[in-house]
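Notes for the structure review
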Amino acid sequence: MSVTVRVPAKVNVQLGVGAARPDGFHPLATVFLAVSLFDEVTATPAAEPTVTCEGPDADQVPLDRSNLAARAAEALAARAGIEPAVHLHIAKNIPVAGGMAGGSADGAAALLACDTLWGLDTPRTELLAICAELGSDVPFSLLGGAALGTGRGELLTPVDAGSFHWVFAVADGGLSTPAVFREFDRLTAGASVPEPEPSPELLAALASGDPDRLAPALSNGLQAASLSLRPRLADTFAAGLGAGALAALVSGSGPTTAFLVRDEEGAAKVAAALEASGTCRTTRTASGPVPGATVLSA
Ligand code: C5P
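In this text, all values refer to a predicted model and were calculated from it rather than measured experimentally.

Rules used in this analysis
- Residues numbered from 1 in each chain as written.
- Predicted model: local features only at pLDDT ≥ 70, side-chain atom pairs only at ≥ 80, totals over all residues.
- Heavy atoms only, no water.
- Helix = DSSP H or I, 4+ residues; strand = E, 2+ residues; numbered from the N terminus.
- Buried < 20%, exposed > 50% of the residue type's maximum accessible area, 1.4 Å probe, protein only.
- Axes fitted to C-alpha atoms, helices over the stretch in contact; angles between N-to-C directions.
- Parallel < 35°, antiparallel > 145°, perpendicular 65-115°, else oblique.
- Left-handed = near helix turned anticlockwise from the far one by under 90°.
- Contact = heavy atoms within 4.5 Å.
- Nonpolar A, V, L, I, M, F, W, Y, C, P; charged D, E, K, R; others polar.
- Near = heavy atom within 4 Å.
- Polar contact = N/O pair within 3.5 Å; in protein donor to acceptor, adjacent residues only side chain to side chain.
- Areas by Shrake-Rupley, 256 points an atom, 1.4 Å probe, with all protein chains shown as cover.
- 1 Å grid on protein atoms, 1.4 Å probe; cavity = no way out; pocket = protein on both sides within 12 Å on 5 of 7 lines; lining within 4 Å.
- Sits in = over half its atoms within 2 Å of the grid points.

1. A closer look at unusual backbone geometry
- Backbone torsion omega between Gly254 and Pro255 reads 5°, so that peptide bond is classified as cis.
- A cis amide bond, omega 15°, links Gly288 with the succeeding residue Pro289.
- Here the phi dihedral of Ala97 falls at roughly 50°; this positive angle occurs in a residue that is not glycine.
- Mapped onto the fold, Ala97 is located in the loop between β4 (86-91) and α2 (102-117).
- Even without being a glycine, Ala101 presents a positive backbone phi close to 65°.
- When its relative accessible area of 9% is taken as the criterion, Ala101 is described as buried.

2. Notes on the packing of helix α9 (residues 233-242) against helix α10 (residues 264-277)
- Axis separation between α9 and α10 bottoms out at 8 Å; the angle between their running directions is 140°. Between α9 and α10, the crossing angle belongs to the class labelled oblique. Here the hand of the crossing between α9 and α10 comes out right-handed. Here Thr236, Ala239 and Gly240 of α9 come into contact with α10, specifically with Val270, Leu274 and Ser277.
- Looking at side-chain class alone, the contact of α9 with α10 contains three nonpolar, three polar and no charged residues.

3. Thoughts on the site of the ligand
- Near the ligand the following residues occur: Gly24, Phe25, His26, Leu28, Gly135, Ser136, Arg152, Thr177, Pro178 and Phe181.
- One nitrogen or oxygen atom from the side chain of His26 is found 2.7 Å from an oxygen atom belonging to the ligand.
- The contact in question runs from an oxygen atom of the ligand to an N or O atom on the side chain of Ser136, over 2.6 Å.
- When isolated, the ligand has an accessible area of 450 Å², and the protein chains bury 73% of it.
- The pocket occupied by the ligand, as judged from atoms lying within 2 Å of grid points, is the largest pocket.
- Counting residues per element, the shell around the ligand draws most heavily on helix α5 (residues 177-188), at three residues.
- Classifying every residue of the shell around the ligand by side-chain character gives four nonpolar, five polar and one charged.

Written out as structure tokens, the structure reads:
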């Protein structure tokens, strides 16, 4: 018997970042949107805990305990007082180290897959608490849809959202999230960084489903740091905007760039222009919101 869970990527349509807390994390006011770009994690009983991965970027995925999927299985097994005797296979389509919560997605998917495989039926609130221990973005990968994230991003309140179309430009090589936050600290050193607040304009635009309204409301407080570490992302922005994208922003800590488009036709045009421009490695088109981690087969 095995259990397969499908889990989406995310883009932050608002990412408000405050000054680092004493624990080193940064207070956030962020709005997550789950988009239709998916990984699948399959859990199968095994003598030893193991992880394998397939997909275009599989060689960049760690297969040891640093993989959030492995850590999710361990955390759940420890809570239940059982051995994490499971093989986890990741079919990876979400860009690795791209700012789209790919690793977090696999953590949330593994948690749900193991919970189902082991028949634990752990209450949702406890699964979310385990997710929060695994990483700031992991609870949202389980929840999906659209949600306001506060704290370090792990405290979630669902919000209304119409459906929006996106093109994602995947850069060559990833960016380390801690490195981007460190660059944010360097760029803001000496400045007074206000407490981050949810944007009423952004939330209203998201609920309206109107991309022309959402475009000017998008914001990412990590974007300057991401661009500082990857100045050539400016060329990717120019290529997508030149092809008619309504707006461009770095996805999370980057370096994936998200382009908001009006419809599927617009998405195809922007994706083709980005591919031809040579300013990114590849593109993905997606829409959202979509549900969070979901059991496909058990
Ligand atoms: O929570 P997660 O393990 O995904 O965070 C990875 C790193 O990103 C943290 O160790 C920290 O350096 C940085 N981070 C942060 N503030 C947040 C979330 C993450 O500084 N709100």
